[in-house]
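Residues per chain are reported as follows:
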Amino acid sequence: MALAAGIAVLQVVGTSFAQRHQSGFKSLDVFGYLLLVAAPAAVLLRRRWPIAALAAVFAITLSYALLNYPDGPIWLPLVITFGTVLVRGHRVAGYLFLVAGYASFTWLPDAVNDRPAPSIWPIVGLAAWLLLLAAVSELVRNRRAFRLASRERALEAQRSRDEQAQRQASEERLRIARELHDVLAHSISMINVQAGVALELIDQRPEQARTALAAIKQASKDALVEVQAVLGSLRQAGEHIPRTPAAGLADLDGLVQRAEAAGLTVRVEVTGEPVALPAGVELAGFRIVQEALTNVVRHARASTATVLVHYGTDGLGIEVDDDGRGRPGSTTANGGNGIPGMRERADALGGQLSAAPKTGGGFRVRATLPIPTDLPVAP
């Protein structure tokens, strides 16, 4: 609005003064002043309808020239609307009006008003001025397009970073949830079983109850250490990092001892050529055995379990069998988080896991975790 009002004032005042020094032109009358005001008014339409605004300004300015009104700053609305059309990307329409304007304003007013044709220099000068106007408009359009493209790239990069951060946060939450479930479910299950044993034996066989209480103490201590290690991964930069090493297959003896303290006989068998495994594979293998033994203690009513660890050429194989009654319904997410959590660990490493009752009784958990083929042999 302010721009259009300024142009209107400039045209009315400037042309009124300019006509005093011109001859051979028609003096400004009411209609002439209306044309001087109408063109700036049409400029108001340039943002919403740029081509329509340029067409209206073109028609008003050409009518003003054909009616032989005096020269003045009457070209400003044309310059502004033409530049807007080009900057907005309507290049075909813009250049069509540019060619039509050059042909119309150069010869048509003189021919209609019976004036001599312009000389070569005004013709060349107008062409050069129009080319300069087109070049400046193209430069502004290119810079605007570059800024828009840069802004879009920045927004897209920010969206990608946000999505990546959300994915990482989600993966980290799932990892921590699996860790806490595996640690707490195993230890609390052992504590629960041993507490039941201690309650039954505390009066008749206090020495065996003492053994059960010692197992409870050790299981709770181990759980506390592992929970602290998991929570330590949540510390911010600059804080103390957890010093407890991540659990691995070398810690299977501790799992076996806790399971046997709960009354389960466990046999461990290792086959193949042991190699130094990546930390992720070590931890996943340990957690799968831990969860499988926890399920045996909690659900299977088994007397014995077998843990097989096989170092093969295609990966690490883990198998946990028991002679219990099986665990109907526990192979789905509705039966708990244990087996889905084991399967998530295997899937995250590109491996596979199956868990199902065996024919003839018992339950079997079998996992295959791929490992690199160029790992050194374990000492």
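Computed from a prediction, not measured in an experiment: that's the story for all the values here.

**Considering the pattern of salt bridges**
Once their charged atoms are close, side chains differing in charge can pair, the charge on each being opposite to the other. With the rule as written, the count across this model stands at six salt bridges. Here Glu269 and Arg267 are joined by a salt bridge, their closest N and O atoms 3.3 Å apart. Assessed through its relative accessible area of 46%, Arg267 is described here as partly exposed. With a shortest N-O distance of 2.9 Å, Arg366 and Glu319 are connected by a salt bridge. Of the two residues, Arg366 is situated in strand β5 (residues 363-369) and Glu319 in strand β3 (residues 316-322); the sequence distance between them amounts to 47 residues. Given a relative accessible area of 40%, Arg366 falls into the partly exposed group. Taking the relative accessible area as the measure of exposure, Glu319 reaches 16% and is therefore buried. What you see here is one network of salt bridges that share partners, running through Glu319, Asp321, Arg364 and Arg366.

**Overview of the pairing of strand β4 (residues 352-357)**
Pairing geometry for β4 and β5, over six bridges, is antiparallel. Bridging from a neighbouring strand, Pro357 pairs with Phe363 of β5. Hairpin remark: β4 followed by β5, antiparallel, with five residues in the connecting loop; positive phi at Gly360, about 95°.

**Brief notes about a positive patch on the surface**
Together, Arg47, Arg88, Arg143, Arg144, Arg147 and Arg151 make up a region of like positive charge exposed at the surface. One can find Arg147 in helix α6 (residues 120-201). Given the relative accessible area of 44%, Arg147 is considered partly exposed.

**Concerning the nonpolar core**
Leu277, Ile288, Leu316, Leu353 and Val365 are the most contacted members of the largest nonpolar core, which has 41 residues in total. Within the residue set of this core, elements represented by two or more residues are α8 (252-261), α9 (279-300), β2 (304-311), β3, α10 (338-348), β4 and β5. The element that contributes the greatest number of residues to this core is α9, accounting for 11 residues. Other than its neighbours up to four places away in sequence, Ile288 contacts Ile318, Met342, Leu353, Val365, Ala367 and Leu369. If you look at the next biggest cluster of nonpolar residues, it comprises 16 residues, including Ala42, Leu54, Phe82 and Leu133.

**Observations regarding the sheet that holds β4**
The strand order across the open sheet built from five strands is β1-β2-β3-β5-β4, with neighbouring strands paired in mixed fashion. What marks the edges here is a single partner per strand, and that holds for β1 (265-272) and β4. Across the sheet, the mean angle from the axis of one strand to that of its neighbour is 10°, orientation sign disregarded. Contacts from α10 reach β4 and β5, with the element oriented near 155° to β4.

**Things to note about the pairing of β3**
Buried residues dominate β3, accounting for seven of its seven residues. Burial of the side chains of β3 extends over both faces: Leu316, Ile318, Val320 and Asp322 are buried on one face and Gly317, Glu319 and Asp321 on the other. Summarising the sheet, β2 and β3 pair through seven bridges and their orientation is antiparallel. In the sheet register, Val307 faces β3, and the bridge partner there is Val320. Adjacent in sequence and paired antiparallel, β2 and β3 are bridged by four residues, among which Gly315 carries a positive phi angle near 150°.

**Notes on empty space enclosed by the protein**
Scanning the model with the defined rule gives one cavity of 30 Å³ or more in all. Estimates place the volume of the largest cavity at around 50 Å³. Forming the boundary of the largest cavity are Gln11, Leu35, Leu36, Ala39, Ile60, Thr61, Tyr64 and Ile74. Mapped by element, the contributors of at least two residues to the lining of the largest cavity are α2 (30-43) and α3 (50-66). In terms of residue class, the lining of the largest cavity is built from six nonpolar, two polar and no charged.

Parameters and conventions
- Residues numbered from 1 in each chain as written.
- Predicted model: local features only at pLDDT ≥ 70, side-chain atom pairs only at ≥ 80, totals over all residues.
- Heavy atoms only, no water.
- Salt bridge = Lys/Arg side-chain N within 4 Å of Asp/Glu carboxyl O.
- Buried < 20%, exposed > 50% of the residue type's maximum accessible area, 1.4 Å probe, protein only.
- Helix = DSSP H or I, 4+ residues; strand = E, 2+ residues; numbered from the N terminus.
- Pairing = 2+ DSSP bridges.
- Patch = residues over 30% accessible without salt bridge, like charges linked within 9 Å, V, L, I, M, F, W, Y side chains within 5 Å.
- Areas by Shrake-Rupley, 256 points an atom, 1.4 Å probe, with all protein chains shown as cover.
- Lys, Arg positive; Asp, Glu negative; His and termini not counted.
- Charge placed at Lys NZ, Arg CZ, Asp CG, Glu CD.
- Core = buried A, V, L, I, M, F, W, Y, C linked by side-chain atoms within 4.5 Å.
- Contact = heavy atoms within 4.5 Å.
- Axes fitted to C-alpha atoms, helices over the stretch in contact; angles between N-to-C directions.
- 1 Å grid on protein atoms, 1.4 Å probe; cavity = no way out; pocket = protein on both sides within 12 Å on 5 of 7 lines; lining within 4 Å.
- Points joined across faces, edges and corners; volume = space filled by probe spheres on them.
- Nonpolar A, V, L, I, M, F, W, Y, C, P; charged D, E, K, R; others polar.

This is a description of form; function is not addressed.
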